[in-house]
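# Per-entry structural report
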Amino acid sequence: MRLSNPRHIRRQNPFLQPLEELPVEFRPKEKLVYLTPTIEVLFCEEYINFKHCGQYSVGVSEEQTPPQGSVSSHERILVHCDLDAFFAAVEILHHSLDPNKPLIIGSDPQAGRGRGIVSTCNYAARAFGIHSAMPISEAWRRCPGHPFGPGHYIRGSRGLYSRASRRVMEILQAPAEFFEKASIDEAYLDVTKAVNGDWDAAFALCRALQDTIEEQVGLTASFGIAPTRILAKMSSEVNKPKGIFRILPDEIGDFFEGRSLREVPGIGPKRATQLAEWGLVTVDEAYVHGELALGRMAGERFASWLTRVVDGTTSAEVSPLRSRKSVGKERTFSSDQTDHEAVLEVLRSLTQRVLTRSREMGVSGRLAEVKIRYTGFETHTHGRSIPVAMDEPEVFLRLAEHLFATNVQHNRGLRLVGFRLGQLDMPPTRQAVLKWNEEE
Ligand code: TTP
Ligand code: MG
Ligand code: MG
């Protein structure tokens, strides 16, 4: 891919759009039945560890790992979907809030004295310059809450977001040959087969998915369509919110023309500053130096990775193993338990559910890990690896029982028990498609 003959690319920055131009269409309240939380005596939490995605070091090492999901040797059509202002959009739906009023999700602002941070905020709040990870005190300074200003501050409820996320993931995974939930509000889909290699059909598919998500769940989503993961992820940002952007294989050079290096996932402020000192601010400026010269400035690994990003030769693999390090479930008891037999029974049930889940995902694991939290929050994990990855519930039930029985401290109250399947692997014959129909 060459950067000669560049075409001017018009980009929309949602943060710079005036408020009234932002689409704010939300579903009527009756669509929200699924969001009503169920009341439980016990609190059961499923934890998913997401790997940090987009780091260039990951991009470098990925070449050494044979693809276990979709194949990257032929041209693929990948879709990246990311929900718009996700936590805030769910709260707006659930509490029937006015989407035009600034809504900030985060820790208690304590009238500007709070020490927490902003999780996210809706686009009305972004017009005040508020964004994720900003100190909540700074958010309050920019847009105070009642009675000093129009800001509406909510702490947020994770259970609601998980439920909404699952509904969206079910819709997204349906047409995908390979599917990967990459975080609570984003997923990669390999739709090459579904659209028969046709990029126009891919665009139409994204539009249909966008409509279905809005109709059935009431949330807006943005889509990126591109031949590699990183390009798909970057394109889903381009027309946010409720946007679709496509990069055809021969348009990659144009896409990077004038685009700030900072927009590439994996290039952080430190790296960007280092490159700016060499006078490199945009991707095309860095690329035209050539890999060798860039390598002398910023290191060979970085130069090779950035070159491959622009050449469109970084990974196109879509596989649950890429985003997920482990599958686990744990349970916190409403009061500390002294009956260890009863706790062991809960552990068996959690282990069984983890294995059911991992089978649905088509993954197996080598590591069994039992987590025990005692009265007073003291937490221990006890793990054991087996030589080859397996997905047999019987094997892991025995391991879990053994780990619990040999490690639990007698006569102590138990606050939490959990099971985790780690060191995941995927049998090559099994299709890498996740199912999102578990009840918790
Ligand atoms: P993002 O997709 O990064 O952000 P977003 O969906 O709120 O907004 P956008 O329209 O730009 O995609 O993150 C998804 C959710 O993850 C977000 O709604 C809240 C949560 N989150 C945090 O709790 N802390 C953070 O620092 C970030 C970035 C996100
Ligand atoms: Mg999002
Ligand atoms: Mg996201």
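All of these numbers come straight from a predicted model, not from anything done at the bench.

Check the secondary structure of the chain and you find 15 helices and 13 strands. For the chain, the residues scored as buried account for 41% of the 440 residues in total. The contacts in the chain between residues at least 6 apart in sequence include a share of 70% that link residues at least 24 apart.

The biggest cluster of nonpolar side chains holds 80 residues, and the ones touching the most others in it are Val79 and Leu189. The element contributing the most residues to this core is helix H2 (residues 86-94), with seven residues. Looking at which domains feed residues into this core, each of domain 1 (87-157) and domain 2 (257-317) gives three or more. Residue contacts for Leu189: discarding those within four places in its chain leaves Leu78, Val79, Leu172, Ala176, Phe179 and Val318. By size, the runner-up hydrophobic cluster in this structure holds 19 residues, among which are Val370, Phe396, Leu414 and Phe419.

Let us look at the site of ligand 1. The full set close to ligand 1 counts 14 residues, and Phe86, Phe87, Ser119, Thr120 and Ser132 are the nearest of them. Where the shell around ligand 1 is concerned, the elements lending two or more residues are strand S2 (78-83), H2 and strand S4 (118-121). Residues of the shell around ligand 1, tallied by class, amount to seven nonpolar, three polar and four charged.

Below, the discussion takes up the sheet that holds strand S9 (residues 244-246). Taken in spatial order, the five strands line up as S6-S7-S2-S8-S9 in an open sheet, and their pairing is mixed. What marks the edges here is a single partner per strand, and that holds for strand S6 (178-183) and S9. When the angles between neighbouring strand axes are averaged without regard to direction, this sheet yields 15°. Sheet analysis places S2 next to strand S8 (residues 221-226), joined by six bridges and oriented antiparallel. Residue His80 lies in a different strand from S8, and its bridge partner there is Gly224. Helix H6 (residues 199-216) rests against S2, S8 and S9 of the sheet, and its axis sits at about 165° to S8.

Our next topic: the environment of Ala89. With respect to the element layout, Ala89 can be found in helix H2. Residue classification places Ala89 among the buried positions, given that 26 C-beta atoms sit within 10 Å. Residues Ala89 and Gly218 lie 129 residues apart in sequence; the distance between their C-alpha atoms is 8.7 Å. The contact partners of Ala89, leaving out residues within four places of it in the chain, are Leu83, Asp84, Asn122, Leu219 and Thr220.

Turning next to the sheet that holds strand S3 (residues 103-106). Within a sheet, adjacent strands bond to each other through the backbone by hydrogen bonds, running parallel or antiparallel. The strand order across the open sheet formed by three strands is S4-S3-S5, and the pairing between neighbours is mixed. The open sheet is flanked by S4 and strand S5 (152-154), the only strands paired with a single partner. Between one strand axis and the next, the sheet turns by 25° as a mean value, whatever way the strands run. Where S3 and S5 come together, three bridges link them in parallel fashion. The residue bridging Ile104 from the neighbouring strand is Tyr153, located in S5.

So, on to the confidence of the model for the chain. Per-residue confidence for the chain gives a mean pLDDT of 83, with 80% of residues at or over 70. In the predicted structure, residues 1-68 sits below a pLDDT of 50 and forms 101 contacts with residues beyond four places in sequence or in another chain. Note that residues 428-440 has pLDDT below 50 and, in this model, 27 contacts with residues that lie over four places away or in other chains.

A word on the environment of Ser326. Residue position: Ser326 is located in strand S10 (residues 324-337). Ser326 sits in the partly exposed class, given 18 other C-beta atoms within 10 Å. Along the sequence, Ser326 and Asp425 sit 99 residues apart, while their C-alpha atoms lie 9.9 Å from each other.

With that out of the way, let us pick up the pairing of S6. Among the six residues of S6, five are classified as buried, and the element is accordingly described as predominantly covered. Here S6 runs beside strand S7 (residues 186-190); their pairing, made up of five bridges, is antiparallel. Bridge assignment links Lys181 to a residue of S7, and that residue is Ala187.

So, how was this worked out
Residues numbered from 1 in each chain as written. Chains lettered and ligands numbered in written order. Predicted model: local features only at pLDDT ≥ 70, side-chain atom pairs only at ≥ 80, totals over all residues. Helix = DSSP H or I, 4+ residues; strand = E, 2+ residues; numbered from the N terminus. Buried ≥ 20, exposed ≤ 12 C-beta atoms within 10 Å, placed from the backbone. Contact = placed C-beta atoms within 7 Å. Core = buried A, V, L, I, M, F, W, Y, C linked by C-beta atoms within 7 Å. Domains from an automatic or database assignment. Near = placed C-beta within 6 Å. Nonpolar A, V, L, I, M, F, W, Y, C, P; charged D, E, K, R; others polar. Pairing = 2+ DSSP bridges. Axes fitted to C-alpha atoms, helices over the stretch in contact; angles between N-to-C directions. pLDDT = per-residue confidence, 0-100.

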